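# Architecture at a glance
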Amino acid sequence: MGEAVIELKDIKKDYGSHAVLKGVNMQVNKGDIYGLVGRNGAGKTTIFKMILGLSEITEGTVSIAGSRTKSELYANRNKVGFFVGAKYFNYLSARDNLKYFASVKGIPHRHAKEEIDRVLEIVGLQNVKKPVKTFSLGMGQRLGIANALLGNPEILILDEPTNGLDPQGIADVRNMIKRFREEYGMTVIVSSHILGELEHTADRFGIVNEGIVVKEITQDDLNEKKSVIEIEVDDLERARQLLGEGGVKITRELAEKSTLEDYYFRLVGGSTE
Ligand code: ADP
């Protein structure tokens, strides 16, 4: 286990009589790209809100960067940049929106322009001058990511940053996430309801189902479970015979490709169909 930068212990969250989180335990280590995956409504956004203090915790504890007290937790929340839904001023440009958010975040005025240029460049919006109301979905997601990057936080939380993007947009966001760790040394937590999407981006996964993190698994664990060789054959019986003679154990998995998606459905039930 690495050094924990975010730790949730037995987090419960009720909205009225509706128990949304039912005892979430999770640990994100320094340098992780941590993928939080689960169906829509599983509780991913609520978990982020608990970490970020955007909604009150009903029960349990959150620790950020080793915080041991509430005041340390509040202080350390400054180390976290996040994109968890966002409201922008529609008639303003990306730059003018970021000017506002930079001042809210307490970025000194004299550094703001340089910082805004930096984050706009990272997400590729540096030359876009038009108002946010004319943005495509992908541009909106990029602006959300730029906003999360303001102030160069150590930890980045991105809630469904690829939602609604086309394949190119998805690939761009994935590459950005990898860059955030490689070039800026950030720890990134990213959620998706599309299970396969983070499979090659994240190196640890928290699988969320019905208000619980049912399993934390590493990319290596997944690969181990994936030690399945796919062989295409014309004559299945003959192949069975030959492989059997060679001492190869034939399991039902011979025909199965194990992916994060398969793993998830085996764990929580259901299917993609
Ligand atoms: P996910 O991000 O995995 O899609 P959410 O955390 O948004 O899931 O939602 C988990 C559950 O909590 C859902 O059933 C949702 O309807 C409910 N929920 C979320 N926010 C609220 C709220 N403010 N009031 C009541 N119920 C909520």
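Here the structure is shown first, and the text comes after it.
Since we're looking at a predicted model, the values are computed, not measured. (Residues numbered from 1 in each chain as written. Predicted model: local features only at pLDDT ≥ 70, side-chain atom pairs only at ≥ 80, totals over all residues. Heavy atoms only, no water.)

## Considering the overall build of the protein chain
- A count of helical and extended segments in the protein chain gives nine helices and nine strands.
- Each principal axis of the C-alpha distribution contributes one length, and for the protein chain these read about 75 × 45 × 35 Å.
- Counting only residues that meet the buried cut, the protein chain has 43% of its 273 residues in that class.
- When the accessible surface of the protein chain is summed, it comes to about 14,700 Å², and 49% of that surface belongs to carbon and sulfur atoms.
- Side chains of the protein chain give 37 positive and 39 negative charges; the mean places of these two sets differ by 7 Å. (Helix = DSSP H or I, 4+ residues; strand = E, 2+ residues; numbered from the N terminus. Buried < 20%, exposed > 50% of the residue type's maximum accessible area, 1.4 Å probe, protein only. Areas by Shrake-Rupley, 256 points an atom, 1.4 Å probe, with all protein chains shown as cover. Lys, Arg positive; Asp, Glu negative; His and termini not counted. Charge placed at Lys NZ, Arg CZ, Asp CG, Glu CD.)

## Quick look at the site of the ligand
- Taken together, Y15, H18, V20, R39, N40, G41, A42, G43, K44, T45 and T46 are the residues near the ligand.
- Note that an oxygen atom of the ligand is positioned 2.7 Å from one of the side-chain N or O atoms of T45.
- Contact distances for the ligand include 2.5 Å between an oxygen atom and a side-chain N or O atom of T46.
- Across the complex, the protein chains shield 61% of the 560 Å² of accessible surface that the ligand would expose by itself.
- Where the shell around the ligand is concerned, the elements lending two or more residues are β2 (18-29) and α1 (44-52).
- Ranked by residues supplied to the shell around the ligand, first place goes to α1 with three residues.
- The residue inventory of the shell around the ligand, partitioned by class, reads three nonpolar, six polar and two charged. (Near = heavy atom within 4 Å. Polar contact = N/O pair within 3.5 Å; in protein donor to acceptor, adjacent residues only side chain to side chain. Nonpolar A, V, L, I, M, F, W, Y, C, P; charged D, E, K, R; others polar.)

## Focus: the sheet that holds strand β9 (residues 212-218)
- Strands sit in the order β5-β6-β7-β3-β8-β9 across an open sheet of six strands; the sheet is mixed. Pairing within the sheet leaves two strands with one partner each, and these edge strands are β5 (80-83) and β9. With direction set aside, neighbouring strand axes in the sheet form an average angle of 15°.
- Relative to strand β7 (residues 187-192), strand β3 (residues 33-37) is paired through five bridges, and the arrangement is parallel. From the neighbouring strand, G35 faces β7, where its bridge partner is V190. (Pairing = 2+ DSSP bridges. Axes fitted to C-alpha atoms, helices over the stretch in contact; angles between N-to-C directions.)

## What about the packing of helix α3 (residues 94-104) against helix α5 (residues 137-149)?
- Running from N to C, α3 and α5 point in directions that differ by 30°, and their axes come no closer than 10 Å. Taken together, the axes of α3 and α5 lie roughly parallel to each other. Note that α3 runs across α5; the crossing there is right-handed. The residues of α5 that touch α3, namely those facing A94, L98 and F101, are L143, A146 and N147. (Parallel < 35°, antiparallel > 145°, perpendicular 65-115°, else oblique. Left-handed = near helix turned anticlockwise from the far one by under 90°. Contact = heavy atoms within 4.5 Å.)

## A word on the pairing of strand β1 (residues 4-15)
- With nine bridges joining them, β1 and β2 adopt antiparallel strand pairing. Counterpart to I6 in the pairing with β2 is V28.
- Counting the residues that bridge the hairpin from β1 to β2 gives two residues, and of these G16 lies at a positive phi of roughly 60°.
- Note: β1 against strand β4 (residues 59-64), five bridges, orientation antiparallel. Bridge assignment links I6 to a residue of β4, and that residue is I64.

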